[in-house]
Amino acid sequence: MFNNTNNSISISVSDDESNDLNRIRARTRRKRKKLSHRTSYELPQYVLRLFLRYWVVLVFLLAVGLLVFESTRIGIKSSDLNKVPDLSGKDKESHSKKNEGNLNRLDPTMKVIGGVRQRCLKLLPPEELEHLDILEHKDSGSPVKKIVYLTDTDTSMGETKALRGNGTRFNLFTGNQTFAERENSFQIRETISVHCGFFNENGGFKISDKDKRFMQTCEVVVSTCAFGGGDNLYEPIGMSKASSQKVCYVAFWDEVTVATQEGEGHKIGENDYIGKWRIVVVKDLPFTDQRLNGKIPKMLAHRLFAEAKYSIWVDSKSQFRRDPLGVLDALLWRTNSVLAISEHGARSSVYDEAKAVVKKHKATPEEVEVQINQYREDKLPEDKRFNGKKALSEASVIVREHTPLTNLFMCLWFNEVVRYTSRDQLSFPYVLWRLKVLKNINMFPVCTRKDLVNSIGHVRKAKPLVSL
């Protein structure tokens, strides 16, 4: 019989069994720890093995994604370029304000030469500019001594009259220059007879007697023009007190531009000035193409200002911002030049420029082809430099002394523009090449042009002249 005096049951465990249990628990903990460590260690290896196995696929996917992104970006950019900006209403106003942000800037344009920043246009210090005087012309030994401008007394009136208004660019203003006369005009001799506009008194470009008298007083002139209600007039800045007293600033307008500017609140004063500009209103413009009308004051300043010794032409899209006498000193007198003109910034070859003109719809392919074919026939080389000078000019700024040789150059250039296209960049290299005796030309770089003017850009399109 069992003794029930105590209901509890005691089980005795030996020390050896307790130790075994502890060892089992320790091994379990170590195994878990080791397993956890091995898992965290093997994960990167697993990813690496996947990458090594499928890296070609990953590279392919990245390439496809990049291609799609670039295609989308280029498409957006192309559509923006092809979009014709709407310059009416608010768009026109914002466009003008954006461009006119360059107005009245006088900060110099700099360039880096040999790691040193230098100014593009090296003007004299302000105190020396105040004492500059107009340099008298010195005979440079030019073979051309005198230019005789052909008029209606030299050529048949009947033939020329028939040309006005029949679709040709020759008219009473230009005279009917034959191809033989064109060729003869390039033959250098002491006295040269040449067509140079103002052929007949009924040819147009009429200026009042009052304006003519004023223009005869100018020894140095800065000029611009806007026909057909084109660009605005920008006040010249940066001139010295001496230049203000010795230099004429003349802007040629037609009646359409006068009305356009008055509509915007820019009225000509009773003294015929707007700011520093003397406004000369031209009547009876000779060409329906306003670009061609603009070539008259641009290229024929010696015909308009018969007593002037020097002239500076500035396109209407720019604001002249330097001292005129200082510019003459920097670009002509110190360089012993008679003509300074801005280089073309993008191209150097006339044949490359012809392609660009057609591509940008600046002239029709047919008229460009006629001009370039003639130049090829005349053996105009594809050289990008003539007499060490860049062959192609941008020509938005022209600084020159009025000498018989430079006057001849401008007449020949004008005649080429009338005969062929209005793009004077195409004819400049040809005339420069044919007139080999004109060597002292200063073809100044783009950065110098940027120092001379604040570029605003064209504000509005000029209205074409309606022929009656």
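Rules behind the numbers
Residues take numbers from 1 onward in each chain, read along the sequence in its written order. Thresholds applied to this predicted model are a pLDDT of at least 70 for local features of residues and 80 or more for the giving and counting of side-chain atom pairs; totals over whole chains, interfaces and linings are not thresholded and use all residues. Values reported for side chains reflect all heavy atoms of the structure, with hydrogen atoms and water molecules removed beforehand. Relative accessible area decides the class of each residue, using a 1.4 Å probe on protein chains only: under 20% of the type maximum gives buried, over 50% gives exposed, and in between gives partly exposed. Only DSSP runs of H or I reaching four residues or more are called helices, and only runs of E reaching two or more are called strands; each is numbered from the N terminus. UniProt positions are given in the numbering used here, feature names are shortened, and annotations may be inferred rather than shown by experiment. The aromatic pairing rule takes the rings of Phe, Tyr and Trp, using the six-membered ring of Trp, and pairs them if the centres are within 6.5 Å, calling planes under 30 degrees apart stacked, those over 60 edge-to-face and the rest tilted. Put simply, a charge is over a ring when the Lys NZ or the Arg CZ is close to the ring centre, within 6 Å, and near the line of the ring normal, within 35 degrees. Any pair of residues with heavy atoms lying within 4.5 Å of one another is described as a contacting pair. The salt bridge definition used is simple: a Lys or Arg side-chain nitrogen within 4 Å of an Asp or Glu carboxyl oxygen. DSSP calls a pair of strands paired once it identifies at least 2 bridges connecting them. Here an axis means a line fitted to C-alpha atoms, over the contact stretch when the element is a helix, while the angle between two N-to-C directions is reported on a 0 to 180 degree scale. Should an angle fall under 35 degrees it is taken as roughly parallel, and over 145 as roughly antiparallel, whereas 65 to 115 is taken as roughly perpendicular and any remaining angle as oblique. In this scheme the handedness of a crossing depends on how the near helix is turned from the far one: anticlockwise by less than a right angle means left-handed, clockwise means right-handed. Grouping buried Ala, Val, Leu, Ile, Met, Phe, Trp, Tyr and Cys residues that are joined through side-chain atoms within 4.5 Å yields what is termed a nonpolar core. The rule for a disulfide is simple: a pair of cysteine sulfur atoms within 2.5 Å.

**Student:** Would you take a moment to explain unusual backbone geometry for this structure?
**Tutor:** Negative phi characterises most residues that are not glycine, and trans characterises most peptide bonds. The residue H361 is not glycine, and still its phi comes out positive at about 60°. A residue is classified by how much of its surface remains accessible, and H361, at 70% relative accessible area, is exposed. Non-glycine residue K379 carries a positive phi angle of around 70°. Along the chain, K379 turns up in the loop between α13 (365–377) and β12 (385–386).

**Student:** Where do I start with the UniProt feature "transmembrane region" (unreviewed entry) in the protein chain in this structure?
**Tutor:** Mapped onto this numbering, the UniProt entry annotates "transmembrane region" (unreviewed entry) at residues 51–69. Secondary structure within residues 51–69 divides into 100% helix and 0% strand; the distance between the first and last C-alpha atoms comes to 24 Å.

**Student:** How should the packing of aromatic side chains be read in this particular structure?
**Tutor:** For any pair of aromatic rings, the description rests on two quantities: the centre-to-centre distance and the angle between the ring planes. This structure, assessed with the given rule, holds 17 aromatic pairs. On the basis of an interplanar angle of 80° and a centroid distance of 6.3 Å, the ring pair of F173 and F414 is categorised as edge-to-face. Taken together, the residues F173 in the loop between α4 (157–161) and α5 (179–185) and F414 in helix α14 (residues 404–419) connect sequence positions 241 residues apart. Each member of the pair, F173 together with F414, is buried. A ring pair is formed by Y375 and Y420, whose centres lie 5.9 Å apart and whose planes are at 75°; its orientation type is edge-to-face. On the criterion of sequence distance, the pair formed by Y375 in helix α13 and Y420 in the loop between α14 and α15 (424–434) is long-range, its members being 45 residues apart. Y420 matches Y375 in its accessibility class, with the two residues each being buried. One aromatic cluster is present, formed by F173, F198, F205, F227, F252, F287, F305 and F414 through successive ring pairs. Stacked on the ring of F214, the Lys or Arg R278 has its end atom at 4.5 Å from the ring centre. We note R434 situated over the ring of F186; from NZ or CZ to the ring centre the distance is 4.3 Å.

**Student:** Explain the environment of A251 here, please?
**Tutor:** Assignment of secondary structure puts A251 in strand β6 (residues 247–253). Once the C-alpha coordinates of A251 and S223 are considered, the two residues, 28 residues apart in sequence, prove to be 5.6 Å apart. With near-sequence residues (within four places) excluded, A251 lies in contact with T224, L233, W277, R278, I279 and V280.

**Student:** Explain the pattern of salt bridges to me, please; I cannot follow it from the model alone.
**Tutor:** Any two side chains of opposite charge can pair, so long as their charged atoms come close to each other. Applying the stated criterion across every chain, the model contains 21 salt bridges. Across the salt bridge formed by R278 and D211, the nearest N and O atoms sit 2.5 Å from each other. Of this pair, R278 sits in strand β8 (residues 277–281) while D211 sits in helix α6 (residues 209–215); the two residues are 67 residues apart in sequence, bridging distant segments of the chain. Under the relative-accessibility criterion, R278 is labelled buried at 5%. A salt bridge links K298 to D424; the nearest nitrogen and oxygen atoms lie 2.9 Å apart. Here K298, found in helix α9 (residues 290–299), pairs with D424, found in helix α15; they are 126 residues apart in sequence, far enough to count as distant.

**Student:** What am I meant to see in the side chain of D211 here?
**Tutor:** Owing to a relative accessible area of 7%, D211 belongs among the buried residues under this scheme. Discounting chain neighbours no more than four positions away, the residues touching D211 are R278, I279, V280 and V281.

**Student:** Help me understand the sheet that holds strand β14 (residues 393–401) in this model?
**Tutor:** Adjacent strands of a sheet pair through backbone hydrogen bonds, lying either parallel or antiparallel. Strand order in the open sheet made by the eight strands is β7-β8-β6-β5-β9-β14-β11-β15, with mixed pairing throughout. Sheet topology places β7 (273–274) and β15 (441–444) at the edges, where each strand pairs with a single neighbour. Here four bridges tie strand β11 (residues 339–343) to β15, and the two strands are oriented parallel to one another. What sits directly across from A340, in β15, is N442. Across the sheet, α15 touches β11, β14 and β15, and the angle it forms with β14 is around 50°.

**Student:** What is the right way to read the packing of helix α12 (residues 350–359) against α15 from this model?
**Tutor:** When two helices pack together, their arrangement is given by the angle between the helix axes and the distance between those axes. The contact between α12 and α15 brings their axes to 9 Å, and the two run at 165°. What the angle tells us is that α12 and α15 run roughly antiparallel. As for how α12 packs across α15, the hand of that crossing is left-handed. Where α12 approaches α15, its residues V350, E353, A354 and V357 are matched on the opposing element by Q425, L426 and P429.

**Student:** Even after reading the chapter, I still don't get the nonpolar core, so can you show me in this structure?
**Tutor:** By size, the foremost hydrophobic cluster in this structure holds 69 residues, and its most contacted members are F205, F252, F305, F409 and W413. A per-element tally of this core places α14 first, with ten residues. Beyond its immediate stretch of four places on either side in the chain, F205 contacts F173, F198, F227, V282, K283, D284, L285, P286, N293, I296, P297 and L304. Counting residues in hydrophobic clusters, the runner-up holds 33 residues, among them L121, V220, L331 and V397.

**Student:** How do you make sense of the state of the cysteines when you look at a structure like this?
**Tutor:** Covalently bonding the sulfur atom of one cysteine to the sulfur atom of another cysteine gives a disulfide. A full pass over the atoms with the stated rule returns two disulfides. The disulfide partner of C196 is C411, and the gap between their sulfur atoms is 2.0 Å. Every disulfide takes its handedness from the sign of the S-S torsion; for C196 and C411 that torsion is -80°, giving left-handed. Here C196 is found in the loop between β4 (191–194) and α6, whereas its partner C411 is found in helix α14, with 215 residues between them in sequence. The two residues C196 and C411 agree in class, both being buried. Indicated for the protein chain is the disulfide connectivity 1-4, 2-3, based on numbering the bonded cysteines in sequence order.

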